[in-house]
There are 2 protein chains.
Amino acid sequence: MRRIAFFLISIATVGGIVAFTATASRHFDQEATPIFVTDIPPGYRDWKFISVAHEEGNLNSFASILGNDIAIKAYREGKLPFPDGAIIAALHYRFVSSEENNKVFGRSQSFVAGSPTNIQFMVKDSKKYASTGGWGFAHFNDGKPADEAFMKTCFPCHAAIKDRDLVFTRYAP
Amino acid sequence: MRRIAFFLISIATVGGIVAFTATASRHFDQEATPIFVTDIPPGYRDWKFISVAHEEGNLNSFASILGNDIAIKAYREGKLPFPDGAIIAALHYRFVSSEENNKVFGRSQSFVAGSPTNIQFMVKDSKKYASTGGWGFAHFNDGKPADEAFMKTCFPCHAAIKDRDLVFTRYAP
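Rules and cut-offs
Residues numbered from 1 in each chain as written. Chains lettered and ligands numbered in written order. Predicted model: local features only at pLDDT ≥ 70, side-chain atom pairs only at ≥ 80, totals over all residues. Heavy atoms only, no water. pLDDT = per-residue confidence, 0-100. Contact = heavy atoms within 4.5 Å. Buried < 20%, exposed > 50% of the residue type's maximum accessible area, 1.4 Å probe, protein only. Helix = DSSP H or I, 4+ residues; strand = E, 2+ residues; numbered from the N terminus. Pairing = 2+ DSSP bridges. Core = buried A, V, L, I, M, F, W, Y, C linked by side-chain atoms within 4.5 Å.

Concerning the confidence of the model for chain A
Residue and element names in this part refer to chain A. Mean pLDDT over chain A: 84, with 82% of residues reaching 70 or higher. Low pLDDT, under 50, characterises residues 1–16; the predicted model gives this stretch 36 contacts beyond four residues in sequence or across chains. Residue range residues 18–26 is modelled with pLDDT below 50. Its contacts to residues more than four positions away, or to other chains, number 33 contacts. Listed scores for the predicted complex are pTM 0.83 and ipTM 0.83.

Now the structure itself:
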């Protein structure tokens, strides 16, 4: 039960990049020790916009998914797999009702980004992260990387969508 | 009743940049004919991320609010009023449940950007748009500007938040 609860929390956490239940990952080397990303990629707040997402449930999060130039180019050209150097970021915030907007509208209809909760990254390097489908996963709370137990839940989930190179978020035009 | 319905629709439409009920606009020249923006500012899809928003109600929209470099700089420095040249864009999409994500999660919790609905802009030019608080307003459906009757609802709403230079969206860190 504890294990299930943890898993659901980790699903809710990933928001934009979106986790997945673990099934097939037989094409990847299950024996190798996964390498996680422990440094925040510089300049990510200036990256271009990919899409938005909202997760209900435990976290009730609002996500903005951004990509560096290599990721954006691949998205726009519809090229899969993503080339080495591509990085996708998911900036998560609390999904909060905007009282100041609602007061004006005269009804509860407006939701905005509240305080930031975490930032996640997928970093493509087909050699360095070969054991996890070529992607290095990252999750930062207040600038600090999540622990290994948490990080081990990323790849099994994403591995289920191998046909989209482990990336859930679709590009918003 | 028709008039009320139209107004509510126009409130719902503005999403991220967020409309306002008309009250005080006595500091602006009410007699001058407002000038609306009829050309889509080039390159807006590459602009930097300001924040996200969701409006329930008629449109059930998902918005990503982006800014050009002048707007982003002003936001980050907390400078008001926004300088001439600042442009803020609100890209609106349908707020849709993601069946493909929900199937994996085993419950309905994931919402993503659906088909695009409209794009709105606020363009700062204190001389050109003097009669509307220095901001030129724009709304495009499928690349075509909205009609004058619709556009006349923008300024009276935004004018109510003069202390934030008519801009509703706050910067998400």
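Now, onward.
Let's talk about the pairing of strand β1 (residues 48–55) of chain B
Across a regular strand the side chains alternate sides, sitting on one face of the sheet and then on the other. Of all eight residues in β1(B), eight are buried; the element is thus mostly enclosed. Pairing of strand β4 (residues 110–124) of chain A with β1(B) involves three bridges; the strand directions are antiparallel. Opposite Ser110(A), over in β1(B), you have Glu55(B) as the bridge partner. By the bridge criterion, seven bridges tie β1(B) to strand β2 (residues 61–67) of chain B in an arrangement that is antiparallel. Bridging from a neighbouring strand, Glu55(B) pairs with Ser61(B) of β2(B). Where β1(B) hands over to β2(B), the hairpin turn is made up of five residues, of which Gly57(B) adopts a positive phi near 90 degrees.

Some remarks on the environment of Ile40(B)
All names here are of chain B. Along the polypeptide, Ile40 turns up in the loop between α1 (2–14) and β1. The sequence separation of Ile40 and Ala138 amounts to 98 residues, and the corresponding C-alpha distance is 8.1 Å. When neighbours within four sequence positions are excluded, Ile40 is seen to be in contact with Phe121, Phe140 and Gly143.

Re the nonpolar core
Formed by 42 residues in total, the largest nonpolar core has its most connected members in Phe49(A), Phe121(A), Leu91(B) and Phe121(B). Apart from residues lying up to four places away in sequence, Leu91(B) is in contact with Phe49(A), Pro173(A), Tyr44(B), Arg45(B), Phe62(B), Ala63(B), Ser64(B), Leu66(B), Asn118(B) and Ile119(B).

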